[in-house]
There are 2 protein chains.
Amino acid sequence: MANPNDPTLRSWIDIPPTSDFPIQNLPFGVFETPERGTRLGVAIGEYVLDLYAVCQYGFFEDLDLGPAQPKVFRRRSLNAFIAMGRPTWRAVRQRVSELLRHDNPALREEEAMRACLLRQSEVEMLRPVKPNNYTDFYSSIEHATNVGTMFRDPNNALLPNWRHIPIGYHGRASSIVVSGTPIRRPNGQRKAPDAEAPTFGPSQQLDFELEVAFVSGRSTELGSPVPIQYAEEHIFGLVLFNDWSARDIQAWEYVPLGPFLGKSFGSSISPWVVTLDALEPFRTAGPVQEPEPLLYLRQLDAHNFDINLEVAIQPENAPQTVVSQTNFRHMYWSMAQQLTHQTSNGCNLQVGDLYASGTISGSTPDSLGSMLELAWKGTRPVPLADGSERKFLLDGDTVTMRGFAEKDGVRVGFGEVSGRILPAII
Amino acid sequence: MANPNDPTLRSWIDIPPTSDFPIQNLPFGVFETPERGTRLGVAIGEYVLDLYAVCQYGFFEDLDLGPAQPKVFRRRSLNAFIAMGRPTWRAVRQRVSELLRHDNPALREEEAMRACLLRQSEVEMLRPVKPNNYTDFYSSIEHATNVGTMFRDPNNALLPNWRHIPIGYHGRASSIVVSGTPIRRPNGQRKAPDAEAPTFGPSQQLDFELEVAFVSGRSTELGSPVPIQYAEEHIFGLVLFNDWSARDIQAWEYVPLGPFLGKSFGSSISPWVVTLDALEPFRTAGPVQEPEPLLYLRQLDAHNFDINLEVAIQPENAPQTVVSQTNFRHMYWSMAQQLTHQTSNGCNLQVGDLYASGTISGSTPDSLGSMLELAWKGTRPVPLADGSERKFLLDGDTVTMRGFAEKDGVRVGFGEVSGRILPAII
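As recorded in an unreviewed UniProt entry, chain A goes by the name fumarylacetoacetase, listed as coming from Hymenobacter qilianensis. A UniProt comment under Pathway (unreviewed entry) is attached to chain A, and it reads "Amino-acid degradation; L-phenylalanine degradation; acetoacetate and fumarate from L-phenylalanine: step 6/6." UniProt lists a comment for chain A under the heading Sequence similarities (unreviewed entry), and it reads "Belongs to the FAH family."

Turning our eyes to something else, we now look at the domain arrangement of chain A. All names here are of chain A. On domain assignment, one finds that chain A holds domain 1 (28-125) and domain 2 (134-422). Centre-to-centre separation of domain 1 and domain 2, based on C-alpha positions: 30 Å. Across the contact, 17 residues belong to domain 1 and 15 residues belong to domain 2. The largest per-residue losses of area from domain 1 upon contact with domain 2 belong to F28, W89 and M125, which jointly make up 38% of the total buried on that side. Measuring nitrogen to oxygen at the nearest pair gives 2.8 Å for the salt bridge that ties R90 to D277. Put simply, domain 1 and domain 2 have three residue pairs in polar contact (both at pLDDT 80 or more) between them. For the side of domain 1 that touches domain 2, the secondary-structure elements that each account for two or more residues are β1 (28-33), β2 (37-44), α2 (79-83) and α3 (86-100). Considered class by class, the residues forming the side of domain 1 that touches domain 2 number 10 nonpolar, four polar and three charged.

Before going further, it helps to spend a moment on the nonpolar core. Core analysis: the biggest nonpolar cluster contains 142 residues, and F208, L238 and F328 of chain A together with F208, L238 and F328 of chain B have the highest contact counts within it. Once you skip the residues sitting within four places of it in the chain, F328 of chain A turns out to touch V212, L238, N304, F305, I307, L309, M335, S357 and I360 of chain A.

Attention now moves to the sheet that holds strand β21 (residues 321-327) of chain A. Residue and element names in this part refer to chain A. Strand order in the open sheet made by the five strands is β9-β26-β25-β20-β21, with mixed pairing throughout. A single partner strand is all that each edge strand has here, and the edge strands are β9 (183-184) and β21. One ladder, built from seven bridges, connects strand β20 (residues 308-314) with strand β25 (residues 398-407); its direction is antiparallel. Of the residues in β25, the one forming a bridge with L309 is G403.

The next point concerns the interface of chain A and chain B. Opposite the 56 residues of chain A that make contact, chain B presents 56 residues. Around 5,200 Å² of area is buried between chain A and chain B when both sides are counted, 62% of it from carbon and sulfur atoms. Linking chain A to chain B there are two salt bridges. Between the two partners, chain A and chain B, sit 24 residue pairs in polar contact (both at pLDDT 80 or more). Sorting the residues of the side of chain A that touches chain B by element identifies β6 (134-137), β7 (168-170), β10 (187-190), β11 (199-202), α6 (247-253) and α7 (335-343) of chain A as the ones contributing at least two each. If you tally residues by element for the side of chain A that touches chain B, the top one is β7 of chain A, at three residues. Of the residues assigned to the side of chain A that touches chain B, the class counts are 29 nonpolar, 22 polar and five charged.

Let's shift gears to the sheet that holds strand β5 (residues 124-126) of chain A. For sheets, the rule is that strands pair by backbone hydrogen bonds, running either parallel or antiparallel. Residues and elements named next belong to chain A. Spatial strand order, β4-β3-β2-β1-β5: five strands in an open sheet with antiparallel pairing. Edge positions in the sheet fall to β4 (117-119) and β5, since each has one partner strand and no second. Taking the axes of each pair of neighbouring strands and ignoring which way they run, one obtains an average angle of 45° across the sheet. As defined by bridge partners, β2 adjoins strand β3 (residues 47-50) across four bridges and the pair is classed as antiparallel. What sits directly across from A43, in β3, is V48. Together, β1, β2 and β3 form the strand contacts of α3, whose direction differs from that of β1 by roughly 70°.

Thresholds, definitions, all that
- Residues numbered from 1 in each chain as written.
- Chains lettered and ligands numbered in written order.
- Predicted model: local features only at pLDDT ≥ 70, side-chain atom pairs only at ≥ 80, totals over all residues.
- Heavy atoms only, no water.
- UniProt positions renumbered as here; feature names shortened; annotations may be inferred.
- Domains from an automatic or database assignment.
- Contact = heavy atoms within 4.5 Å.
- Buried area = accessible area lost by both parts, 1.4 Å probe.
- Salt bridge = Lys/Arg side-chain N within 4 Å of Asp/Glu carboxyl O.
- Polar contact = N/O pair within 3.5 Å; in protein donor to acceptor, adjacent residues only side chain to side chain.
- Helix = DSSP H or I, 4+ residues; strand = E, 2+ residues; numbered from the N terminus.
- Nonpolar A, V, L, I, M, F, W, Y, C, P; charged D, E, K, R; others polar.
- Core = buried A, V, L, I, M, F, W, Y, C linked by side-chain atoms within 4.5 Å.
- Buried < 20%, exposed > 50% of the residue type's maximum accessible area, 1.4 Å probe, protein only.
- Pairing = 2+ DSSP bridges.
- Axes fitted to C-alpha atoms, helices over the stretch in contact; angles between N-to-C directions.

Below, the structure is given as structure tokens:
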């Protein structure tokens, strides 16, 4: 069997060279059409492969998927499919790769093709997983340093625990939505430093946070930590993650128990989950960790991933401006370290959980992952292509994040996560 | 129809006067037996009423429960039943009350009785709800003041936001377990103030937190806040909640994003959900709020509940000692205010969510809701009946929390939430 990541693989489907979804990617998602209802699918070029239809055609028959199929391919989330286990994800991705190869005629027969392939423009993408739990980490040293510099002491920007622990907090799972869902500007309590008392009203400091999240691929038992060397086996794949933030609400509420309503009004994820398997060629070493982490967090080899990221803002009826470009490879703490730390106290994982990186910022002014940092607390407004400028987001703004890895002429991308700001309800 | 809270109601089942489960209570839970599998039940005296069997007998036929029954009574959680809506909970509780009244012969026929009633000692109780989301509030002014006094400034113990916002944080839903589940002492990072670097190992400061949590009874749409006057309609019922805490892990990790692994190794809930309807007679005014809350949190009438609470510690092979007695009525922020605040930014509720009060402490040294406060950071160890003393919990200790409301000779209780500490895995 060919390695599905082999850069020489070609598909019989015509795929533009700038597509995020060549045959080497094959990310999983959930789509819906009026005719088919809800189905699991795989993105290929401008198409989506209907896994339920592929299964009904008998192409998975010898994969030994057990009694869960074909129903598992008709669910409203990937969770049940993910719960079938890593050998299953890999076997299905391998089979899909074979079916789409330029030299395989099986799916090219007209009737099968019509049944199994749809244009992405003809389907509605749903939230790919049902996250029972969501953790937001804080693992970019540049971001943590920037925030510490702005709000505390520039000379001691990083708190004493930061280089020892992948700092994180529990987030709100219920308000995680799929790309394209509009985000309503939240109301909330906030208090200006010089105001006598707080007031309640629309947030005046609405922000995005550029993040990447991983989806857990396995449930574990309460009381059973995951050792660092097995951590990546518990990761199904990755999505782009916009952790919308209301800075004024957050600033007033977050002491001493952390972010709450400043975050829980909505988080957006991209619809296609790029498997960790597909990202294997883009593995790279992370930054040197100094001091060396405690033994339970210590890892050999390369556990970061080289993924280009960007953020664009598009005002209503105006062109978009790319306001930030950075890379996931800069993360100080790896996903494996995050997962092992999360379970080190015995906390259990559940299939479909989301573990977000925290804001990803680079070291230059044009590589910062939030408006808070880009406009440096409002002190250097960000110019947009239409001549306007932004300290924070305005109603009608659409924020779009994109990401892709590239090597040996192969581009494995995430598509995008996008959301438009609706005015607050007053 | 008789009011199911009527204190003059009697059942044909013999119920000891000290029972938490008279005919005026009728809390809902989920139980399992090898023969019956998983069923929804109602506690009555020392018995559990099997709702699936009651339904099969046709006693719910005229309640118009729709196509979900009888299957809804055979689920692994109350969620689907709760999702049927408040009129349904009320109709079922009303019907159960009628069936159990001393003057109703319907269920007393021998065969029906055998089919529908089991001894609680013969069933295993499961976690009653599947919480998709869990928030832990911090709403006892005594507790917040104690913590602020110990760790910050006794003269400014309450932070500036505390009297304006029901402070809270997202907790970990996956590790919430039912009473009786042993709790494994967590490993984690901690650093003594005078230590040069952190170490990883078993928590040395394992604690309980006495809390009450409410279960949300309705899912709401993202972007749709719940006005304060409708908040209680979104509450199904209440459970006792032990928010186990590892103080040393928490102290090292919690700045700046709040509690994380110091809490997520386990939280325990009581198996019976006492409905808000059953607690109606115990409604009482909360403390005066000064300053008056902002308009969206302002409420008239009485929104606290008079529920006696206690905590007991039982070392292995030794008698138990009641170490704290307090009352839920002291909470500064009401459940309605918590729920309205939670949704004020548009955050959506999901059926079965848990919203915990935060540690409930009274104003006297014997009414504090955690070992941290009872032993005042280890400075005044708590004596136990067996002659030992505790600064924090030891392996083998069983912590049991109990709660009941009482009025007009009627005692509406919660049973208990209990958990035994297992040694850490090294």
